Amino acid sequence: MSEDIRIKKGLTIKLKGKAEETISAAPRSGIFAIQPKDFHGVTPKLTVKVGAEVSVGDVLFYSKSNEQIKFTSPVSGTVTEIRRGAKRRILAVVIEAKSEDQFKNFGKADPLTLSKEEIQAKILESGCWSFVNQRPYDVIANPEDEAKAIFVSSFDTAPLAPNYAFALKGKEAAFQAGINALTKLTKGKVYLSVNETASFFSKTQNVEVVNVKGKHPAGNVGVQISKISPINAGERVWTVNPQDVAIIGELFLSGEYKPNRVLALAGSEVNAPQYYSVTAGQGLDSLLENKINKDNVRIISGNVLTGDKVATNGDFLGFYDNIISVIPEGNTHRFMGWMPFVGSGSIHSASKTSFSYLMPNKEYTLNTNLQGEERAMVVTGEMEKVMPIDIFPMQLIKAVLAKDIEKMENLGIYEVAPEDFALVDYTSSSKIEAQTIIREGLDIMINEVG
Amino acid sequence: MKFIRNTFDKYKPLFDKGGKYEKMAPAFNAFDTLMFVPNHTTKQGAHIRDGVDLKRVMITVILALVPALIFGMWNVGYQHFSQLGEAGTFIDYLIYGSVKFIPMVVVSYGVGLGIEFAFGVFRGHDINEGYLVSGMLIPLIMPIDLPLWMLGISVAFAVLIGKEAFGGTGMNILNPALVARAFAFFSYAPSMSGDKVWVSDAATVDAISGETILGSLAQNKEAGYSVLDMFMGYIPGSVGETSVLMILIGAAFLLFTGIASWRIMAGSVIGGALMGLIFNALGLNALMNFPWWQHLLVGGFAFGVVFMATDPVSAAQTDKGKWIYGFFIGLLAIMIRVFNGAYPEGMMMAILLMNVFAPTIDHYVIQGNIKRRKKRQKTNLETA
């Protein structure tokens, strides 16, 4: 049985430099890091010291607030550095990799024959629990909670997003095993949303397959949740990315933690955009070497709407990221750039003040220019056009700015995550930072309501 | 282009932090960013951004005003000369109108932007673009003979009390342009209403009757103009409001670019038409008998619907709210027009009144969403 969901509100932005569907193995990086910033709200408690030898799957740190949630090494090697920032906050646990990986064995098992507790223990022990995210709040799930349902979105509609069906080619069995494990974690259903493109996803067993069509953010799991089973106050739903489902599945198939995934290296400034097989947390230097020939570019771990800016040297791939996007920096002036319709070939706009809407299939080369300055919120209705969730985005943003907890709750803060507001960031003519504001709002709610 | 950029870059350090004129930075930046989209890049959130910004939005509205503006200047000359019985060429009319009208624009922008700049500099915030549109709207809705000092004071009142007192652009409750008009209307009534102000020199030259259509109707007289005149705008009135054709061109541009809300415009026209029909059915006096669709052509109705009611800051903000807000503007405008003989033009009052009610309308629309959410929660708890 499947139902159709159609997302009408939103905006699909096509960018130049989509990754070609070939996979190369990225050169093995000599250096890896797990960065606590990737796990929002986690205060790390270290279990290793500089100089410690670790195998793949050995614990590096755990969450101070919940010791069950462990973060393990993606590689075997030696811990060489604990990078700290202001107030000695841990920024990264850096590991120098050996040439060969040794895997800690967590034991093979068929998830369908295990109990919920056994599955949960295995996932927690291996560090795979960090792949299980929770809505509301968009943080790592608390294993003690009861999840209403688990959602997996098999496709991504963000600009330049990787094709997960392609990325998981050959890992179908691992994906199915991962789904089998997830089904045991909830009393509710596991939903797998698929788009119109035929893929192995729709043949997955033991899940509720949901067909979703429409514009970005149709692929956002938060949007799908809001259409399938909206979150009420006090409820928890969990979400897992498809490539991470396969990593969890691999844990059960082989007994080993293998945080490997296929990454799209894409964007207008990449010489030959394509896919690479990589390991979570690996150093970017070896991956990006000779792939970008220009200066004055921005490298983003993640997609252009929600990712993090990274540097070329000494930075690392984000733990969850399936894409590295490289776009030009926009640090140039544009003469009388406010003139409507001028430069429609290079200026993309959701409003019709650029002819870009007449060319929906044109792939744009967009840069990082803010296209104006931050202003008071004046124009109304533009946020609603890109917000398929049944909330009032502008009123919610204002409630967060006012730190009005009751109003935030009434206006549906539990149903949203920062990524759902990425297009609001994009389209806002007042250049407000909606994702940052929503993140603050969620953090307030975590502290006040929990 | 390069030269202008270089000039800006040369003097920019003086206005940067620690520079000699640091405090004047908002003023400098206002000019700089008007000439060039700044080289600022995204720091957080989405790395790419839409090409639209507040400047582009405001300029789009100004471009939409241009047809009504040019026609209005021509009409100032045309009304003046034709009532005197003098023939003139297109250019004569336009020149006469420009000489009368351009000083009003200069005063409006001069006073308004002067205050905005002062606030920007004293409060140390960037100068918002909101006044670019208000400054153009204000002279377009004033009588052409309004003394410039009255205009200046009205503008100052609108910007200070109507806008900055509430926190500046984006925070005001009332439409600033209408605040200016309302201020002038109540403070300088002889220059703002009656039958002697709507055609240039009507107050001083006896041969000129400046009576507007609504004014005549209010006195139970004939309208005295053909429907074509009303639609084309060959009638007395304030500069921008007379030509429905030119306003419709502007409206088409605003709707095409998606800058103005079609919901507000559609709601207002429906509301106005409905009220007109009701009055036609009653038919007690000349104003009530005036055909409903002609009500939509005369006075400030069209101009108000397209350029005033759609101001996003003072209008309702929710989609449903915009329908309701627009509907009542149309309804009330015609109602005030017909009931208040002393003040036949109801559009200004209708919009200002609905400006005040807009947050209430939004409140109830949003309550609907909240109730739905709470109900879902409740049924969920019951079934669980």
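Calculation rules
Residues numbered from 1 in each chain as written. Chains lettered and ligands numbered in written order. Predicted model: local features only at pLDDT ≥ 70, side-chain atom pairs only at ≥ 80, totals over all residues. Heavy atoms only, no water. Pairing = 2+ DSSP bridges. Helix = DSSP H or I, 4+ residues; strand = E, 2+ residues; numbered from the N terminus. Contact = heavy atoms within 4.5 Å. Axes fitted to C-alpha atoms, helices over the stretch in contact; angles between N-to-C directions. Buried area = accessible area lost by both parts, 1.4 Å probe. Salt bridge = Lys/Arg side-chain N within 4 Å of Asp/Glu carboxyl O. Domains from an automatic or database assignment. Phe/Tyr/Trp six-rings, centres within 6.5 Å; stacked < 30°, edge-to-face > 60°. Buried < 20%, exposed > 50% of the residue type's maximum accessible area, 1.4 Å probe, protein only. Lys NZ or Arg CZ within 6 Å of the ring centre and 35° of its normal. Parallel < 35°, antiparallel > 145°, perpendicular 65-115°, else oblique. Nonpolar A, V, L, I, M, F, W, Y, C, P; charged D, E, K, R; others polar. Core = buried A, V, L, I, M, F, W, Y, C linked by side-chain atoms within 4.5 Å. Expected span 1.5 Å × (residues − 1). Polar contact = N/O pair within 3.5 Å; in protein donor to acceptor, adjacent residues only side chain to side chain. Patch = residues over 30% accessible without salt bridge, like charges linked within 9 Å, V, L, I, M, F, W, Y side chains within 5 Å. Areas by Shrake-Rupley, 256 points an atom, 1.4 Å probe, with all protein chains shown as cover.

### Section: the sheet that holds strand 1 (residues 4-7) of chain A
Residue and element names in this part refer to chain A.
- Taken together, seven strands build an open sheet; the order of strands is 1-14-13-12-15-10-11 and the sheet is mixed. Single-partner strands in this sheet number two, and they are strand 1 and strand 11 (139-140).
- Inspection of the sheet shows strand 12 (residues 150-153) paired to strand 13 (residues 190-194) by four bridges, in the parallel sense. Residue pairing for strand 13: valine 152 is matched across the bridge by leucine 192.
- Strands in contact with helix 3 (residues 172-185) are strand 12, strand 13 and strand 15 (237-239); relative to strand 12, the strand with the most contacts, it is inclined by about 155 degrees.
- Each of strand 1, strand 10 (133-135), strand 12, strand 13, strand 14 (208-214) and strand 15 touches helix 4 (residues 221-228); the most contacted strand, strand 12, lies at about 130 degrees to it.

### Focus on the interface of chain B and chain A
- At the interface, 60 residues of chain B touch 80 residues of chain A.
- In total, about 6,000 Å² of surface goes out of reach between chain B and chain A, with carbon and sulfur atoms giving 55% of it.
- When residues of chain B are sorted by the area they lose upon contact with chain A, His47, Ile48 and Arg49 of chain B head the list and together hold 14% of the total.
- Counting the contacts that link chain B with chain A gives six salt bridges.
- Between glutamate 415 of chain A and arginine 376 of chain B there is a salt bridge, with its nearest N and O atoms 2.9 Å apart.

### Some words on the domain arrangement of chain A
- Taken domain by domain, chain A consists of domain 1 (4-10 + 106-254), domain 2 (31-97) and domain 3 (373-448).
- For domain 2 of chain A versus domain 3 of chain A, the distance between C-alpha centres works out to 32 Å.

### Let's talk about the packing of aromatic side chains
- A complete count under the given rule lists 43 aromatic pairs over all chains for this structure.
- Between the aromatic rings of phenylalanine 319 of chain A and tyrosine 320 of chain A, the centroid separation amounts to 5.2 Å while the plane-to-plane angle is 90 degrees, which identifies the pairing as edge-to-face.
- Given the relative accessible area of 16%, tyrosine 320 of chain A is considered buried.
- Ring centres 5.3 Å apart and planes at 90 degrees place the aromatic pair phenylalanine 279 of chain B and phenylalanine 339 of chain B in the edge-to-face group. In this pair, phenylalanine 279 of chain B sits in helix 12 (residues 262-282) while phenylalanine 339 of chain B sits in helix 16 (residues 319-339), placing the two residues 60 residues apart along the sequence.
- Grouped by ring-pair contacts, the aromatic residues Phe71, Trp74, Tyr78, Phe81, Tyr93, Tyr96 and Tyr234 of chain B constitute a single cluster.
- For the cation-ring pair, lysine 352 of chain A lies above tyrosine 357 of chain A, with the distance from its terminal atom to the ring centre recorded as 5.3 Å.
- Note that arginine 5 of chain B overlies the ring of phenylalanine 36 of chain B, its terminal NZ or CZ placed 4.7 Å from the centroid.

### Regarding the sheet that holds strand 9 (residues 90-97) of chain A
Residues and elements named next belong to chain A.
- Judged by pairing direction, the sheet is antiparallel, and its four strands sit side by side in the order 3-9-8-5 without closing on themselves. Edge strands, defined here as strands with exactly one partner in the open sheet, are strand 3 (31-34) and strand 5 (53-54).
- Where strand 5 and strand 8 (residues 77-84) come together, two bridges link them in antiparallel fashion. Counterpart to valine 54 in the pairing with strand 8 is glycine 77.

### Regarding unusual backbone geometry
Residue and element names in this part refer to chain A.
- The amide bond that connects arginine 135 to the next residue, proline 136, takes the cis arrangement and shows omega of -5 degrees.
- Structurally, proline 136 is set in the loop between strand 10 and strand 11.
- Residue histidine 216 is joined to proline 217 through a cis peptide bond whose omega torsion reads 10 degrees.
- Looking at the element boundaries, proline 217 is found in the loop between strand 14 and helix 4.
- Positive phi, normally seen in glycine, also occurs at asparagine 206, with a value near 65 degrees.
- As for its placement among the helices and strands, asparagine 206 is situated in the loop between strand 13 and strand 14.

### Some details on the packing of helix 3 of chain A against helix 5 (residues 242-254) of chain A
Residue and element names in this part refer to chain A.
- For the pair helix 3 and helix 5, interaxial distance at closest approach is 6 Å and the crossing angle is 85 degrees. Classed by the angle they form, the pair helix 3 and helix 5 counts as roughly perpendicular. Of the residues in helix 5, those in contact with Ala173, Ala174, Phe175, Ala177, Gly178, Ile179, Ala181 and Leu182 of helix 3 are Pro242, Val245, Ala246, Ile248, Gly249, Glu250, Phe252 and Leu253.
- Residue composition of the contact of helix 3 with helix 5, grouped by class: 13 nonpolar, two polar and one charged.

### Examining the pairing of strand 20 (residues 323-328) of chain A
Residues and elements named next belong to chain A.
- Burial analysis of strand 20 places six of its six residues in the buried class, the great majority of the element.
- Bridge count between strand 16 (residues 260-266) and strand 20: three bridges; the pairing is parallel. Of the residues in strand 20, the one forming a bridge with alanine 266 is serine 325.
- As paired elements, strand 18 (residues 297-301) and strand 20 share five bridges and run antiparallel to each other. In the sheet register, isoleucine 300 faces strand 20, and the bridge partner there is serine 325.

### Re the nonpolar core
- Formed by 175 residues in total, the largest nonpolar core has its most connected members in Ile397 and Phe421 of chain A together with Phe307 and Tyr325 of chain B.
- Broken down by element, this core gets its largest block of residues, 14 residues, from helix 3 (residues 54-84) of chain B.
- When residues no more than four places from it in sequence are discounted, the contact partners of tyrosine 325 of chain B are Ile264, Ala309, Ser314, Ala315, Ala316, Ile351, Met354, Asn355, Ala358 and Ile361 of chain B.
- Core analysis: the next-biggest nonpolar cluster, separate from the first, contains 60 residues, Leu114, Val152, Leu182 and Leu251 of chain A among them.

### Focus on the environment of leucine 14 of chain B
Residues and elements named next belong to chain B.
- Considering the arrangement of structural elements, one finds leucine 14 in helix 1 (residues 2-15).
- For leucine 14, a relative accessible area of 31% corresponds to the partly exposed category.
- With 14 residues separating them in the primary sequence, leucine 14 and phenylalanine 28 have C-alpha atoms 9.8 Å apart.
- Those residues in contact with leucine 14 that lie beyond four places of it in its chain are Gly19, Lys20, Tyr21 and Glu22.

### Things to note about helix 4 (residues 90-123) of chain B
- Taking 1.5 Å of rise per residue, the 34 residues of helix 4 of chain B would be expected to cover 50 Å, and the 47 Å separating its terminal C-alpha atoms lies within 8% of that figure.
- Glycine 124 of chain B, located one to two residues past helix 4 of chain B, shows a positive phi value of around 70 degrees.

### Structural notes on the side chain of serine 29 of chain A
- Along the chain, serine 29 of chain A falls in the loop between strand 2 (20-25) and strand 3.
- At 2.8 Å, the side chain of serine 29 of chain A and the backbone oxygen of isoleucine 31 of chain A are in polar contact.

### Concerning a nonpolar patch on the surface
Residues and elements named next belong to chain B.
- Taken together, the side chains of Phe166, Met171, Ile173, Leu353, Val356 and Phe357 define a hydrophobic patch exposed on the protein surface, amounting to about 520 Å² of accessible area.
- Tracing the backbone shows phenylalanine 166 in the loop between helix 6 (148-163) and helix 7 (176-187).
- Taking the relative accessible area as the measure of exposure, phenylalanine 166 reaches 40% and is therefore partly exposed.

### Digging into the pattern of salt bridges
- Here the structure, examined in full by the defined rule, presents 34 salt bridges over all chains.
- In this structure, glutamate 146 of chain A engages lysine 116 of chain A in a salt bridge whose closest nitrogen and oxygen atoms are separated by 3.8 Å. Residue glutamate 146 of chain A is found in the loop between strand 11 and strand 12, and its partner lysine 116 of chain A is found in helix 1 (residues 116-126); the two are separated by 30 residues along the sequence.
- Residue classification places glutamate 146 of chain A among the partly exposed residues on the basis of a relative accessible area of 41%.
- Judged by its relative accessible area of 23%, lysine 116 of chain A falls in the partly exposed class.
- As a salt-bridge pair, glutamate 208 of chain A and lysine 189 of chain A come within 3.8 Å of each other at their nearest N and O atoms. You can see glutamate 208 of chain A sitting in strand 14 and its partner lysine 189 of chain A sitting in the loop between helix 3 and strand 13, a full 19 residues away along the chain.
- On the basis of relative accessible area, lysine 189 of chain A is assigned to the partly exposed category, the value being 43%.
- Taken together, the shared-partner salt bridges in this structure form one network comprising Glu373 and Arg375 of chain A together with Lys55, Asp126 and Glu129 of chain B.

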